[in-house]
Each structure stands twice: as structure tokens, then as C-alpha cells.
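Remarks on the overall topology
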Amino acid sequence: MRFGVNYTPSVGWFHSWLDFSPSDTARDLEAIASLGADHVRVFPLWPVVQPNRTLIRQQALDDVATVVDIAGSFGLDVNVDALQGHLSSFDFVPSWLDSWHRRNMFTDPEVVASTAAYVRALATAVADRPNLLGITIGNEVNQFAHAPHPAPHTITAEQGHAWAAAMVAAARSGLEARLGSAPSAGSGDESRPLPLVTVAQYDAAWYDDAQPFGPEHAADHGDATVTHSWVFNGSAALHGALGPGSVRHGEYLLQLAAAWNRDPARPNWLQEVGAPTNVVDPADAASFTEQTIRHVLDAQQVLGVTWWCSHDVSRSLADFPELEYDLGLFTNDGRLKPAGEAFAAIARSGAGGAATPPSTALVLDDVLPDGAERHGTRSDCAPGGRFAAAWLALATASTDGRGPQVVLRSRLADTGMLAARGITTCVDVPDDLDTDTTHTPISVAHPATMP
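So, a few notes on the structure that sits alongside this text. (Residues numbered from 1 in each chain as written. Predicted model: local features only at pLDDT ≥ 70, side-chain atom pairs only at ≥ 80, totals over all residues. Heavy atoms only, no water.)

**Overview of the overall build of the protein**
Along the backbone of the protein there are 15 helices and 13 strands. Against the globule reference of 22 Å for 451 residues, the protein gives a C-alpha radius of gyration of 21 Å, in line with a compact fold. Taken over the C-alpha atoms alone, the protein extends approximately 60 × 45 × 45 Å along its principal axes. If you take every contact in the protein between residues at least 6 apart in sequence, the share linking residues at least 24 apart comes to 77%. About 16,500 Å² of surface is accessible on the protein, with carbon and sulfur atoms providing 51% of the total. Computing the positive centroid from 27 side-chain charges and the negative centroid from 52, the protein places the two 4 Å apart. (Helix = DSSP H or I, 4+ residues; strand = E, 2+ residues; numbered from the N terminus. Rg over C-alpha atoms; globule rule 2.2 N^0.38 Å. Contact = heavy atoms within 4.5 Å. Areas by Shrake-Rupley, 256 points an atom, 1.4 Å probe, with all protein chains shown as cover. Lys, Arg positive; Asp, Glu negative; His and termini not counted. Charge placed at Lys NZ, Arg CZ, Asp CG, Glu CD.)

Here is the structure:
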């Protein structure tokens, strides 16, 4: 079980890549390491590294590699995100992909080839660092694919698979260029594996039936299934900031993700989770943090939890949503906050993941009785949906405090898979589910309010 932090620079926020300061970075990373964290996730800005479609700046790549080295000096592994993409309500899309030069970022052949070249170059630049945890293709890039983004790059699910496969292949090619043809992480090969390659999506992938990137894109691409948990998506409105549906939301997403994995041993990574002050009172942030992580520890095959984020955004920077200024474990000037103390207490404790998986699984109806795909599966899983309510009811009633696993109805006949996951009892969503939230699923939050 790994404990990490999404690194938000205290000086200049992510604009600091424009005038990178190793000393500022070292101060921030030393503070993060003091929490007992073992890794950070870092976010080079795409337009800074690739300002022109055929120009990838070597100095920018060198700066990223320097951050990885500095982190290593404090005992921190590093996951590097490639496509930013979207961060804290701001889009960072290169000028060669916008306005007069706008083309579909997911389907235009020249754009896809150039984007893959950037991902490959970034992976190559950091591949030989011994503390490289992995490469994530980008931060919630699926938000560009559909409304409520104001100018989505429209695609189909099949085109999303092609794009994700191309980006994962580019990252692996970059790693192999330095490290050779090592096995992928999690492959079971005992020789040194390649660092992880992952694809990250915001939770519309799990909750919005219209979002072209879905659960299969998360579970079928890369080396681990990534989830991002934010309770301003309706969970806190339904259940209260410290209600079970909020402090267990990260656990629920991990179980939902595991259901779509084809390999029962595939790792699941809660790569983003935080205590947003628009729905979590600052006085409750420490309790929210502690309870959220404790419940995540009860899930199976969890690679780790990576908290959002390290430092508050400076009030000198304008136009952020109010919640963004107060998401850090540290204040902008480096003071440890109560949520940071709660995170550190668990990280330093050496707490590990659950030894055995829950033996009960709730059945998710992904298919109709005739075997055809069932529309509405994802909205059923969203906060306020029938499936989400049924999972929470089982979780809160369990004698060991652990939420149930989730199994797809289309995979119930796979007895080998059930056995490998430790599932002995499968439970259907009851027809007479006693809840006030079964008929009005909450809409997924606007990505402009999401980190």
C-alpha cells in the first residue's frame, strides 16, 4: 500500500514550469517527504514542453527529469503526468490545437502522432531514473471528449480506445528506449519491470452514460486502473461531508473499478482524492481525510492512495474556484494543516492493504437478460443511483466494516474469475431497496470545479 501526494508547487503553482526553480521544488518535496509519503505525482504543462506540434523543448524535459531527481534525494518515487491538459479549472492546450488551428485532439492523425511523440519523449527523458514510479498519459483528459466541456473534441468509444492504446504504446516505447524490453509492471515477471503506464479519467467515465471514455478504457489500457474520487460530484450533497456515502466514496470507486478489470490481480490506484471545502467544512477535513483513507485500506488490490494536493494555491493568483485555494495538506507558506496531520499519521504508521478480499459481491447489471449491453449502467452507479445506494447499504451493514466487491452480470459465469477474486456470494440489487435516492441520480460535477 503506497501513500502519495499530488504535488502543487507552492511558488507560482504550475506556472512555475515557465521559470523552474530547483530550490523551491526541493523545499516543497522535502516537506512532502516529512509526511511519510513515498511518492508524488507531478504535472509538467503540455504547452510548455511542446509549444509547437513539431517542437519538443529539451530544456523542459530536463526540468522534469530534475524534479524526479530532487524527489529521489528525499526518498520519493515520482509518477509523471504527460498531457496537462486540465488542472484546477484551467485548460492547458497548446496553441497548435486551439482557435485558428483547432483539430480533434483524439482523432486527427497529425495531432495524435505529434501527441504520441511528446508522450514518448517525456517517458524517455525520465525512464532511467530509479525512483520513477510511472507515466500517466494525462490528467482527466476525458473531460475534453464530451459536455459539459464548453468545446468538446467529439469522439466515439471506439476512437477513445484507439487513442488510449496509441498513447500507452508511445509511453512504453519511450521507457523501452532507455530500459530495453522489460516486462510491464504487474505482469508477474520477476525481472525488473518497466515503470507503470496508466490512463486517468475523471469520474464521468464511471457515472455518465454519455461520456465516450468509460470503464473499459480505464480497465483495458495501461498497467493499473486509475480512479479519481471527488465528493462534490453529489456524494456530499446526498450524504453529508462525513456521511458513509462520502467517506466511503473512494472505496466504492475502487470496488467499481475492480469489477471491470479482466485480470483479477490488476492493481487499482486511487490517484486523486481530496477534501474540497465547497462541501467539506475545513473543521471536518482531518476527519474526512482519515476516514476516507481507512476505508480505502479495506479494499483489495489497491496500489495506493495519492492525496490532492500538497500545497494550497496562493491567494495572489486569480480566478480559481474558491475550493482550489484550500485543498492542500500544507498552506501555501508551508504550514501543516489538520488534514495533513491526519494523512501523515496513517502514512507513517505503515498501514497496509487488506490481506483478503471481501467475499460478497454486489451484481452490476451491465447486460440485459438477452445478453445485450444495458444502457444506463453508469448512471445507476452514480451518486443517487440504485446501484450506488445498494452498495452503500451493504457496506454500512457489513459486520467487518468492509464494503462488498462488485461483479458484472456479464461475468457471473466465469467461475475461475470469481474464485480468483475470492467471491463466494453474489447479491442482486433488491427490488424493494429502501432509499430516497434511487430515482434521481446526481449529475456529475462540472469539470471546471475539479482538480
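**Observations regarding the packing of helix α1 (residues 22-34) against helix α3 (residues 58-73)**
The N-to-C vectors of α1 and α3 enclose an angle of 40°; their axes lie 9 Å apart at closest approach. In terms of orientation, α1 lies oblique with respect to α3. The two elements α1 and α3 cross, and the hand of that crossing is right-handed. On α3, the residues that touch Pro22, Thr25, Ala26 and Leu29 of α1 are Val67, Ile70 and Ala71. (Axes fitted to C-alpha atoms, helices over the stretch in contact; angles between N-to-C directions. Parallel < 35°, antiparallel > 145°, perpendicular 65-115°, else oblique. Left-handed = near helix turned anticlockwise from the far one by under 90°.)

**A few points about the sheet that holds strand β13 (residues 425-427)**
The strands making up a sheet associate through backbone hydrogen bonding, with each pair oriented either parallel or antiparallel. Spatially, the three strands line up as an open sheet ordered β12-β11-β13, and their pairing is parallel. With partners counted over all chains shown, the strands left at the sheet margins are β12 (405-408) and β13, one partner each. Each adjacent strand pair in this sheet contributes to an overall mean axis angle of 40°, direction not counted. Two elements, strand β11 (residues 360-364) and β13, share three bridges in a ladder whose sense is parallel. Its bridge partner lying in β13, Thr360 is registered against Thr425. On the sheet, helix α14 (residues 386-397) packs against β11 and β12 and is oriented at approximately 170° with respect to β11. (Pairing = 2+ DSSP bridges.)

**A short note on the nonpolar core**
Of all hydrophobic cores here, the largest spans 101 residues; its most connected members are Ile137, Trp163 and Phe343. In terms of residues, this core owes the most to one element, helix α4 (residues 109-126), which gives nine residues. Ignoring any residue separated from it by four or fewer positions in sequence, one finds Trp163 in contact with Leu83, Met105, Phe106, Val112, Ile137, Val141 and Phe213. Judged by nonpolar contacts, the second largest core, of 25 residues, contains Trp206, Tyr252, Leu362 and Ala382. (Core = buried A, V, L, I, M, F, W, Y, C linked by side-chain atoms within 4.5 Å. Buried < 20%, exposed > 50% of the residue type's maximum accessible area, 1.4 Å probe, protein only.)

**Regarding the layout of surface pockets**
Estimates place the volume of the largest pocket at around 430 Å³. What lines the largest pocket is a set of 23 residues, among which Pro215, Glu216, Trp260, Glu373 and Arg378 lie closest to the centre. The wall of the second largest pocket is formed by 15 residues, among which Pro264, Gln300, Gln301, Pro357 and Arg421 lie closest to the centre. (1 Å grid on protein atoms, 1.4 Å probe; cavity = no way out; pocket = protein on both sides within 12 Å on 5 of 7 lines; lining within 4 Å. Points joined across faces, edges and corners; volume = space filled by probe spheres on them.)

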